[in-house]
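Spelled out from the first residue to the last, the chains are:
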Amino acid sequence: MAGDPMKKQTMYFRMVTSSLIRRRSRMLVALLAVAIGATVLSGLVTIYYDIPRQMGQEFRSYGANLIFIPSGDGSALSMDAADAAADFIPADDIVGMAPYRYETVKINEQPFMAAGTDMEEVKKTSPYWFVSGEWPENDGSVLVGQEVADYIRLSPGDTFTVTGTDIKDESFSRDFIVSGIVQTGGTEEGFIFLSLSDLEGLMGNEGELDVVECSISASQTVLDDIVKQITENVEGVTPRLVKRVTQSEGTVLTKLQALVYLVTVIVLLLTMICVATTMMAVVAERRKEIGLKKALGAANKSIVMEFLGECLFLGGLGGLLGVVLGFVFAQTISVNVFSRSISFQPLLIPVTLAVSIAITALACLLPVRSATDVDPAIVLRGE
Amino acid sequence: MNILELKDISKIYGSVKALQNINLQVSQGEWLAIMGPSGSGKSTMINIIGCMDKPSNGSVILDGANISKESAKSLTNVRRDKIGLIFQQFHMINYLTALENVMVAQYYHSMPDEKEALQALERVGLGDRAKHLPSQLSGGEQQRVCIARALINYPKLILADEPTGNLDETNEGIVLDIFKQLHKEGITIIVVTHDPEVAEEAQRTVVLEHGRVARIVPNKE
């Protein structure tokens, strides 16, 4: 006597899952191929999209990429105008903004260039500076460029006297302590760096700047937009991109992204070949099973659907594994290469899953089509 | 009434004549044995009767319908609906349990029914082995699952290819007892065999030689 019929989908699901679970040693090979492909895919895509951020941070080590200088009328750059210009830069993108005011002073009656600045910001905009001794932390202590230190024989901890005339032509004289000697390999080695307030105190006025160096973590397009906004909206400030930094940054990023893109495509192709080869082997060793199913009355469509079901299961499971392992892979690369962690992109879950399933289905298409050519009579030949 | 009628059947592969002018009628409920040495045309004949091949000439009338000119797709449907196949090598799907192997035949035929499949296994004495995989069953048990699978869709004809060829004497006896029971229930059985003892259990034995019917031997009633 017949019982309650089972839904055909339930039996289909049972057949597909049983094939995967009970033939796990065979299927693990195919799963491994899909999972490795999906891992490298999701990992590389994560890195691909994170490269601009990671490399942007890395490029900031090479100094400012945007400077504010006074407009061409010969007047100084006012602090207020610099602040107004800074408002056009997204706060999260600002790595550092160092204001500079340059004045000529004398040491032992020899003229030298003094730069008043904000030392904490200089550390951010010029991380490549090498300081022997300490960075100045209090008013009255200064950084001396290597050339200046060599010329007047100064070492960290020495005291020296700075003289000169202020804006009212009145003489000043003040002692400073050498906190550190700075080496940059550039013109900075001929400067004395003191705090902006110290220099303003010597010169007798405040609020005037010669240049503001900005280090911004943003793409060339964003930087161009910032320059445009400031030019149009802020008077008294001329923003200029440091082209040698921004252009080489753009070139390196484009090449790096193209490389990652190429590797991703190659990995996808290799995965497809690997899965297709595995599935061909699976179909070949299951010829008798296919013949039996056809002998039992299975239509070609049923056979194709069963194999496709297995492929989709493999693709889905491999894709899920790939999402998790890919993030671990990307995180490991990011931490080891860039020394920074990356954030997980939720969009990668559906994308990796969809690509894994599509690649697996595509790779299965050929072997599955050949599965339908199996002659059911092979089961009757006692082979 | 004849369930199967072969009229002047020939099958030619290139220059090889595998079957020549075969004429045979099998009545409903009959138990027929086909014997013959290797190369006598047995495989070709069961392929044609089992709807897995078409004759080069002649007609095959199965359950009143001429199927000799049907397409491969139509033959699949005829095989699914009217024929139960039993194989020498058992041919079970190795990742499905005994019960699921029986249900697969239901799945391709109409709707899987677990209770009915279990009853079919109980009928061949394997109710307690339903959840076992083929690798956990003996050859005789696997052949009984194969019989349960062949019977599950109530076929008009059971076509068995060397059903006891891979079995020991005890299991051969068990399988033949099941066949006797099926015969009593009025099911038509065609058995291809090398074993004269198996053939003797049938009502008639058709002996093939060189692709022709050499003789038809009536056995017992």
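Just above sits the structure.
Here we summarise the structure given alongside this text.

Conventions adopted
Residues numbered from 1 in each chain as written. Chains lettered and ligands numbered in written order. Predicted model: local features only at pLDDT ≥ 70, side-chain atom pairs only at ≥ 80, totals over all residues. Heavy atoms only, no water. Pairing = 2+ DSSP bridges. Helix = DSSP H or I, 4+ residues; strand = E, 2+ residues; numbered from the N terminus. Contact = heavy atoms within 4.5 Å. Axes fitted to C-alpha atoms, helices over the stretch in contact; angles between N-to-C directions. Buried < 20%, exposed > 50% of the residue type's maximum accessible area, 1.4 Å probe, protein only. Phe/Tyr/Trp six-rings, centres within 6.5 Å; stacked < 30°, edge-to-face > 60°. Lys NZ or Arg CZ within 6 Å of the ring centre and 35° of its normal.

**Remarks on the sheet that holds strand 5 (residues 65-66) of chain B**
Consider a sheet: its strands pair through backbone hydrogen bonds, and that pairing is either parallel or antiparallel.
Residues and elements named next belong to chain B.
In step 1: Spatially, 4 strands are ordered 2-1-4-5 in an open sheet, and the strand pairing comes out antiparallel. Every interior strand has two partners, whereas the edge strands, strand 2 (16-27) and strand 5, have only one.
In step 2: Inspection of the sheet shows strand 1 (residues 2-13) paired to strand 2 by 8 bridges, in the antiparallel sense. When the sheet's bridge partners are listed, Leu 4 is paired in strand 2 with Val 26.
In step 3: Lying on the sheet, helix 1 (residues 42-49) is in contact with strand 1, strand 2 and strand 4 (57-62); it crosses strand 1 at an angle near 125 degrees.

**Some remarks on the pairing of strand 7 (residues 159-165) of chain A**
Residue and element names in this part refer to chain A.
In step 1: Residue alternation in strand 7 divides its side chains into a buried set, Phe 160, Val 162 and Gly 164, and an unburied set, Thr 159, Thr 161, Thr 163 and Thr 165.
In step 2: Here strand 7 pairs with strand 8 (residues 171-183) via 7 bridges, running antiparallel. Opposite Gly 164, over in strand 8, you have Phe 172 as the bridge partner.
In step 3: Connecting strand 7 to the next strand, strand 8, in antiparallel fashion are 5 residues, including Asp 169 with a positive phi near 65 degrees.

**Things to note about the packing of aromatic side chains**
The geometry of an aromatic ring pair comes down to the distance between the two centres and the angle between the two planes.
In step 1: Counted by the stated rule, this structure contains 13 aromatic pairs over all chains.
In step 2: Between Tyr100(A) and Tyr102(A), the ring centres sit 5.9 Å apart and the planes meet at 5 degrees, which makes this aromatic pair stacked.
In step 3: Tyr100(A) gets classed as buried once you look at its relative accessible area, which sits at 2%.
In step 4: Sitting above the plane of the Tyr107(B) ring, Lys8(A) keeps its charged end 5.1 Å from the centroid.

Shape descriptors only; they carry no functional weight alone.
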